[in-house]
Amino acid sequence: MSKETGKKKLINWLGLIGIIQLLSYTAAIVFSPSAFPGYDWKSMAASDLSAMDAPSRMLWDQLSAFYNVGSVVCATCVSIYVSDKKVSTKLFRLGIYLFTIMNWISNVGYKMFPLSDSGKNIAGFQEIMHMVITAAVVLLSIVSLVLLIIAGCKRKEMRGIGIWAIIALILMFAGAIGSGAVPKEYFGIFERFSTFSAVGFNAVLGVYLYIPLDEGC
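Source: prediction; values computed, not measured. All residue numbers refer to positions counted from 1 along the written sequence of the respective chain. Under the rules for a predicted model, residues below a pLDDT of 70 receive no local features and side-chain atom pairs below 80 are neither given nor counted, while totals for whole chains, interfaces and linings still include all residues. Side-chain measures were taken over the full set of non-hydrogen atoms in the model, leaving aside hydrogen atoms and water.

Novice: Help me understand helix α8 (residues 159-181), please; the structure alone is not making it clear to me.
Specialist: The periodicity of an α-helix, 3.6 residues per turn, causes residues three or four positions apart to be oriented the same way. In this model, α8 (23 residues) spans 32 Å end to end at C-alpha, consistent with the 33 Å of a helix rising 1.5 Å per residue. Using a 1.4 Å probe on the protein chains alone, a residue whose accessible area is under 20% of its type maximum counts as buried, one over 50% counts as exposed, and one in between counts as partly exposed. Each helix is a run of H or I in the DSSP string that is no shorter than four residues. Each strand is a run of E no shorter than two, and both are numbered from the N terminus. Looking at α8, one finds that the buried residues are Gly-160, Ile-161, Gly-162, Ala-165, Ala-168, Leu-169, Met-172, Gly-175, Gly-178 and Ser-179. A contact between two residues is defined here by any heavy atoms of the two lying within 4.5 Å. Taken together, the buried residues of α8 touch α6 (90-112), α7 (125-154) and α9 (187-210). One less than the residue count of a helix, multiplied by 1.5 Å, gives the span that helix is expected to have.

Novice: For this particular structure, what's the right way to read the side chain of Asn-202?
Specialist: Mapped onto the secondary structure, Asn-202 falls in helix α9. Whenever two N or O atoms come within 3.5 Å, that pair is a polar contact, provided that in protein one can donate a hydrogen and the other can accept it, and provided that, for residues adjacent in sequence, both atoms are side-chain atoms. Here Asn-103 takes part through its side chain, which lies 3.1 Å from a polar atom of the side chain of Asn-202. The contacts of Asn-202, once residues within four sequence positions are left out, are Gly-18, Gln-21, Ser-71, Cys-74, Ala-75, Phe-99 and Asn-103.

Novice: Help me understand the packing of aromatic side chains, please; the structure alone is not making it clear to me.
Specialist: For any two aromatic rings, the description comes down to two numbers: the centre-to-centre distance and the angle of the planes. Stacked, tilted and edge-to-face are the three classes applied to pairs of Phe, Tyr and Trp rings, where Trp contributes its six-membered ring and a pair requires centres within 6.5 Å; stacked means planes under 30 degrees apart, edge-to-face means over 60, and tilted covers the rest. Tallied over the full model, the rule gives seven aromatic pairs. Their ring planes at 70° and their centres at 5.4 Å tell us that Phe-190 and Phe-193 sit as a pair that is edge-to-face. Note that Phe-190 and Phe-193 are positioned in helix α9 at a spacing of three residues, about one turn of the helix. A residue is classified by how much of its surface remains accessible, and Phe-190, at 25% relative accessible area, is partly exposed. By relative accessible area, Phe-193 is classed as partly exposed at 33%. By the ring-pair criterion, three or more aromatic residues cluster together here, those being Tyr-25, Trp-60, Tyr-67 and Phe-196. Geometrically, a lysine NZ or arginine CZ counts as sitting over a ring once it is within 6 Å of the ring centre and also within 35 degrees of the ring normal. Directly above the aromatic system of Tyr-210 lies the positively charged group of Lys-8, at a separation of 4.7 Å from the ring centroid.

Novice: I keep staring at the nonpolar core and nothing clicks. Help me out?
Specialist: Note that soluble globular proteins tend to have their nonpolar side chains buried in a common cluster. Judged by nonpolar contacts, the single largest core of 31 residues is most densely connected at Phe-92, Ile-96, Leu-145, Ile-161, Phe-201 and Leu-205. Breaking this core down by element, the ones donating at least two residues are α5 (65-85), α6, α7, α8 and α9. It is α7 that contributes the most residues to this core, eight residues altogether. Among all residues touching Phe-201, those that are not within four sequence positions of it are Phe-99, Leu-145, Leu-148, Ile-161, Trp-164, Ala-165 and Ala-168. If you look at the next biggest cluster of nonpolar residues, it comprises 14 residues, including Tyr-39, Ala-46, Ala-51 and Tyr-67. Take the buried residues of types Ala, Val, Leu, Ile, Met, Phe, Trp, Tyr and Cys, join any two whose side-chain atoms come within 4.5 Å, and each joined set is a nonpolar core.

Function cannot be read off these values alone, since they describe shape.
If you want it as structure tokens, here you go:
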């Protein structure tokens, strides 16, 4: 790596936002239930905490403020960096771009179409669109992670990110399969595997941006 690329620039420091957004999301998950009487985290989805009629909505918005902004900023900075530096292969960069698009769709889509009944009634247009956004987020997450795994297998310098992508994908599938296989009393536990997989991987990319990415993985 050259001396020029070895110097940390603003975009590298912005990678630390990935850690901040993870801490913000974790705080919202842990503390928002205190404002939702009767909420059972083991059986209820995390999205119920941010539903339009949820008593925890205000606290959720406060605690997740850094997550809402940070997830998009971090992923976008990573995309800009890998594009500008032509990091690794086109396949690797495509995986990063799709993961960034997923973050944008998640951030904007869930703001436009939040659940209106704490997840109890998926019938109206608002709830249907929420599920459409969820499907798009899940699909883009899976495709982007698979591409990064393949890129990690092909290029030694990207192996670290490839391993983290495998972990994130395993957690995502464990959440999707587990939440449908286990009794309803434990739905929330496995559902959180899926939600934390993307947020956690975003934090990982932020750390690699701080290193930075082309310094070695």
